[in-house]
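Now for the letters of each chain:
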Amino acid sequence: MTRWNTSHIPDQTGRAVVVTGANSGLGYITARELARRGARVVLACRSAERGAAALARLRSEVPVCEAEFRPLDLADLASVRRFAEDLDDFCGDRLDLLINNAGVMALPQRTTADGFEMQFGTNHLGHFALTGLLLPKLLATPGARVVTVSSMLHMLANVDLDDLNSVRSYHRWVAYGRSKSANLLFTRALAQRLAAAGSQVVAAAAHPGYAHTNLQTAGVRMEGRRAAERAVELGNRLIAQSADGGALGTLCAATAPHMKPDAFIGPRNGLRGAPARSFRAPWTQKDDTADRLWTASEELTGVRYDITVPVV
């Protein structure tokens, strides 16, 4: 993967792709680059207005693309189920690539429509449910992959299996770190279950390093903390790499040949640069923790995974 960039993306003609949070930032760049290589792309976004604007932008930048917007609110399991049910008319029984990209970061304490802590509920549980509901399509598609976007800030905290929704105490950055550790534990558990079932579907993870997107300012903006928002924006300008650079890890995990299950791909030096295998905290490689989180996630979402490989 030395100096891997978008020119290395293989032809994606005919492949059906779903990208969550594709209205801006990393998600939009990911969708755009896959569309440029011929993929048929669904922009899965919470806001209808922003989703429609992103689709118009994509069609202006890639005039021959096959793309559409579909509403998806990962903080509402009913929305997740509707999205999965309505996807048949786009890709039928097949899905080549699911990019679990959408996320929220360091928000004031909030809960989802189903009563989960917002960061854990959106970043992990919403994607856990979505992947499980779309799994039959992925299992039926040769060469399919699931790529879940985590963060190097997963190192802030391991999941607390006794307080997954931060009921006892809440700290925005700890909650964010837990949700990103959950992304990696989910990827590990999914990869192991796919392998045990004899499936060739690859589950991998990626992170953007420090990329300049609107994710960093969302939390402080919600609280009206203008000085903090300006400080974050200054840091973005001085230190962060572009969203285009940040999306490379996701695109590499999604398209590079021979990607290994449970791989974690991000910038070579941790913050910026070409994609490479990334360091991950030891707790994200604990099988017992991954299994317990998996069981809890099935119970919380009501989505049970049936990993049965179709007979060809």
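Preceding this section is the structure that the text describes.
Residues numbered from 1 in each chain as written. Predicted model: local features only at pLDDT ≥ 70, side-chain atom pairs only at ≥ 80, totals over all residues. Heavy atoms only, no water.

K.L.:
Give a detailed account of the overall build of the protein, specifying residues and quantitative values.
P.N.:
Secondary structure summary: the protein contains 11 helices and eight strands in total. Considering the protein as a whole, with its 312 residues, one finds that 57% of them fall into the buried category. Across the protein, every contact between residues at least 6 apart in sequence was considered, and the portion connecting residues at least 24 apart equals 77%. In the form shown here, the protein has an accessible surface area of approximately 13,200 Å², with 51% of it arising from carbon and sulfur atoms. (Helix = DSSP H or I, 4+ residues; strand = E, 2+ residues; numbered from the N terminus. Buried < 20%, exposed > 50% of the residue type's maximum accessible area, 1.4 Å probe, protein only. Contact = heavy atoms within 4.5 Å. Areas by Shrake-Rupley, 256 points an atom, 1.4 Å probe, with all protein chains shown as cover.)

K.L.:
How would you explain the packing of aromatic side chains if you had to name every residue and give the values?
P.N.:
This structure, assessed with the given rule, holds six aromatic pairs. Ring centres of Phe-128 and Trp-294 lie 5.1 Å apart, and the angle between their planes is 80 degrees; this geometry places the pair in the edge-to-face category. Pair noted here: Phe-128 is in helix H5 (residues 118-139) and Trp-294 is in helix H11 (residues 287-301), with a separation of 166 residues, a long-range link. By the burial criterion, Phe-128 is buried, and Trp-294 matches it. (Phe/Tyr/Trp six-rings, centres within 6.5 Å; stacked < 30°, edge-to-face > 60°.)

K.L.:
Any details on the environment of Thr-255? Residues and values, ideally.
P.N.:
If you trace the backbone, Thr-255 turns up in helix H10 (residues 248-255). Note on Thr-255: relative accessible area 6%, which makes it buried. C-alpha of Thr-255 to C-alpha of Val-147: the two residues are 108 residues apart in sequence and 10.0 Å apart in space. A polar contact of 2.8 Å, which involves the side chain of Thr-255, links it to the backbone oxygen of Leu-251. (Polar contact = N/O pair within 3.5 Å; in protein donor to acceptor, adjacent residues only side chain to side chain.)

K.L.:
Can you break down the pairing of strand S2 (residues 40-45) residue by residue, with the values?
P.N.:
Put simply, side chains in a regular strand alternate between the two faces of the sheet. Counting buried positions over the six residues of S2 gives five, a clear majority of the element. Here strand S1 (residues 16-20) runs beside S2; their pairing, made up of five bridges, is parallel. Note on S2: the bridge partner recorded for Ala-16 is Arg-40. Tracing the backbone out of S1, into helix H1 (residues 25-36) and back to the parallel element S2 gives a crossover that is right-handed. When S2 meets strand S3 (residues 66-71), the two strands line up parallel, connected through six bridges. Residue Val-41 lies in a different strand from S3, and its bridge partner there is Ala-67. The β-α-β motif built from S2, the intervening helix H2 (residues 48-61) and the parallel element S3 has right-handed crossover chirality. (Pairing = 2+ DSSP bridges. Right-handed = clockwise from strand over helix to strand, strands pointing away.)

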